[in-house]
Each structure stands twice: as C-alpha cells, then as structure tokens.
Amino acid sequence: MLRTRLTDLLGIRHPIIQGGMQWVSRAELVAAVSNAGALGILTALTHPTPEGLVREIQKTRELTDQPFGVNITILPTLKPVPYEEYVQAAIEAGVKIVETAGRNPEPFLPALKKAGVVVIHKCTSVRHAVKAEKIGCDVVSIDGFECAGHPGEDDVPGLVLIPRTADTVNIPIVASGGFADGRGLAAALALGADGINMGTRFLATREAPIHERIKELLVEADERQTTLILRSLRNTARVFRNRVAEEVLRLEGEGAGIETIGPLVSGKRGERVWSEGDPEAGIWAAGLVVGLIHDVPPVAELVERIVGEAESIIRQRLPGMLVSG
Ligand code: NAD
C-alpha cells in the first residue's frame, strides 16, 4: 500500500484519480474506479442539465459506497453553461469532493467550503497552482503538456512542471498528464507529487462506457497519434489525430474563427466517437500515453497492477541501485 497526503485527505486506498472525461466519466466507470480503491470522478457537463448530474450521482451511489467526486470544467463552450447551478446541484446531492478545471474557481469556493467539500483544482501552470492554494483549494492537480484535452498554452511537460509545483505550493499535489503505469506513479511520487491523475489510460478498460473499437484503437496507436488543435483560439486541446482534427488545423491555418471551426469540434459530434465507435465522427481527447496502452483490463486489475509496479520499483529496483562506499 502507498500512503500519501492524498490518500489520507480523500479517504482512498490508492493515490490514483480517474480524470474527468467529457461523455466518458459516467457512473459505471466512476464506481469501478472507486471500488478499486482509487478516486472516480464524474463530469458534470456530460449531463445537459444539473438534474441529470444529480441522477448520475445517485446512480453512482447505488454502485459504490466508496468516495467519488464531480468535475466541473470551466472553459469556452459553444453554448452557455449554468456553472453555478451545477455546483449547487453537486453540493445539494451531498458530493464531498469536487474537481474544478479550466478557469479560476474562486467564485464557487465559498459555497463549496461552507458545505465541507474538498476542492481539487486542476491547472496547467505553476502560477495558477499558487493562486489555487491562495484562494483555499485543498489540492492542486497539475496537468502537464502530455495530457489529453486542454494543456494550456505554456507547453511545459510534467518532468519540469511537477517538481516546479512541488517547490512552490504546500497543499497536496496530483500529477496529471502522461501517466498510465506504475513507473509513472513512482516517478510522480519521486518528483514531489502525492498521487497521479489518469484519463486516457482509463478509456482502455472494460468498464469505460465507450465503443470497443475505440478501445482497440487506443491499444494499436502509438505516442505520435495525437495533435494539438484550437491553439489559434488560445484554447489548445490535445486530441487523437484524425481527419477532423487535420481539417480543423487546416482551417486554423487560414485564420478561421470558432464560427467556422465550431461545427467540427463540437462535443455533440465528438460524443458519437464514443457511442458509435467511429474514430472519424468528430474530435476526441487523447493524451500522449496512447503509446503506453497495450491492453483493455478491468479497472480493478489496472489499479492493482499500477500500484504493485510502483511499489516494486520503490522497494526493489531503486534500492538495488544504492551502493555503499
Ligand atoms: P463544446 O461542444 O461546447 O465545444 C467543443 C470544443 O470547442 C471544446 O474544446 C471547447 O472548449 C471549444 N470551444 C467552444 N467554444 C469556443 C470558443 N468560443 N473559443 C474557443 N474554443 C471554444 O464543448 P463539449 O465538447 O461539450 O465539452 C464541454 C466542456 O468540457 C468544455 O469546457 C470542454 O472544453 C470540456 N472538455 C473536456 C474534455 C476532457 O476530456 N476533460 C474533453 C472535451 C471537452
């Protein structure tokens, strides 16, 4: 067992968090992760209304009695989102862990803290981590350039971003982006983190509610199979490199705005990738760790494997390198 500030604070057995993945982080996957001793996180915006989120929270509770959280991502969207209502719905449903991401969560903190919610803020730069600590977040999840979805605009990979964050903030740190196995977990702990966050790796599990064809594609793909889109709009997103992403890049090169690009990148269209198994149906987030995914295990087996591998690196491989004299 690995015990860290994160496992103590969240009441989980293993220092692993399943990242909030739009359309994918639903009750089945979240409960499987939490039952495996890690932390599952539902995504609020997967549900068109706050009431839908509450139903998903109830469904998750029927599947697990272990801690789980809710992700609220505050980034530009094609349609306005009533973020405050989602936050309120999560609080009223008794959620005790909320992960915020995208923008500064300060407006939501008084209500969350009053309700005794542990707030994990996911961000992509040291300056935002410092701000998160200052405004009262309990944990900072630092998301390196390797990550799926939105890595920010600074392009600093985890190998530098994690120790820089550890040198700068005092609250527990979750290392995010680029993690898929026990080597990554051991490395994150060595770099000063208290645990890891994984998204893409959890896509390729039996319980992930996505089409089998996409899971197979994740196993086949290597680490060169992602690309960065939306940079010209300062909302960079790492996605699986397909024809839609290449068309978006071509349009961005011509100076197109969101009015032209929007229909291509729309989440509604991307959702069909997961449900229908057509990798060309839209854009879909995937991290550089696609190169480290070689199978589609049950979640519990994956979590045990990662923790076991990290323990054996810490117990055997590294001490075996120590020589006296
Ligand atoms: P959406 O359909 O509203 O937008 C699709 C994409 O376009 C998103 O990446 C969004 O950030 C971007 N976008 C929308 N309007 C924009 C604008 N005016 N300028 C620049 N970029 C713009 O969003 P969705 O796919 O339904 O997703 C809902 C939320 O979840 C968004 O905040 C999105 O960024 C986020 N998201 C998260 C993940 C993840 O894996 N964590 C994956 C996809 C999307």
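The paragraphs below set out a description of the structure included in this document. All values derive from a computational prediction rather than experimental measurement. (Residues numbered from 1 in each chain as written. Predicted model: local features only at pLDDT ≥ 70, side-chain atom pairs only at ≥ 80, totals over all residues. Heavy atoms only, no water.)

## Describing the packing of aromatic side chains
Scanning the entire structure with this criterion turns up two aromatic pairs. Centroid distance Trp274 to Trp284: 5.5 Å. Interplanar angle 75 degrees. Geometry classified as edge-to-face. On the criterion of sequence distance, the pair formed by Trp274 in helix α13 (residues 267–276) and Trp284 in the loop between α13 and α14 (299–317) is long-range, its members being 10 residues apart. Of the two residues, Trp274 and Trp284, neither departs from the other in class, the shared state being buried. Each residue in the set Phe240, Trp274 and Trp284 is aromatic and connected to the rest through ring pairs, giving one cluster. The ring of Phe145 carries the charged tip of Arg238 above its face, separated from the ring centre by 4.8 Å. (Phe/Tyr/Trp six-rings, centres within 6.5 Å; stacked < 30°, edge-to-face > 60°. Helix = DSSP H or I, 4+ residues; strand = E, 2+ residues; numbered from the N terminus. Buried < 20%, exposed > 50% of the residue type's maximum accessible area, 1.4 Å probe, protein only. Lys NZ or Arg CZ within 6 Å of the ring centre and 35° of its normal.)

## Some points on unusual backbone geometry
The backbone of Asp155 sits at a positive phi, close to 60 degrees, despite the residue not being glycine. Mapped onto the fold, Asp155 is located in the loop between β6 (139–143) and α7 (158–168). Owing to a relative accessible area of 30%, Asp155 belongs among the partly exposed residues under this scheme. Not every positive phi belongs to a glycine, and Arg234 is a case in point at roughly 55 degrees. With respect to the secondary-structure elements, Arg234 resides in the loop between β9 (226–229) and β10 (237–240).

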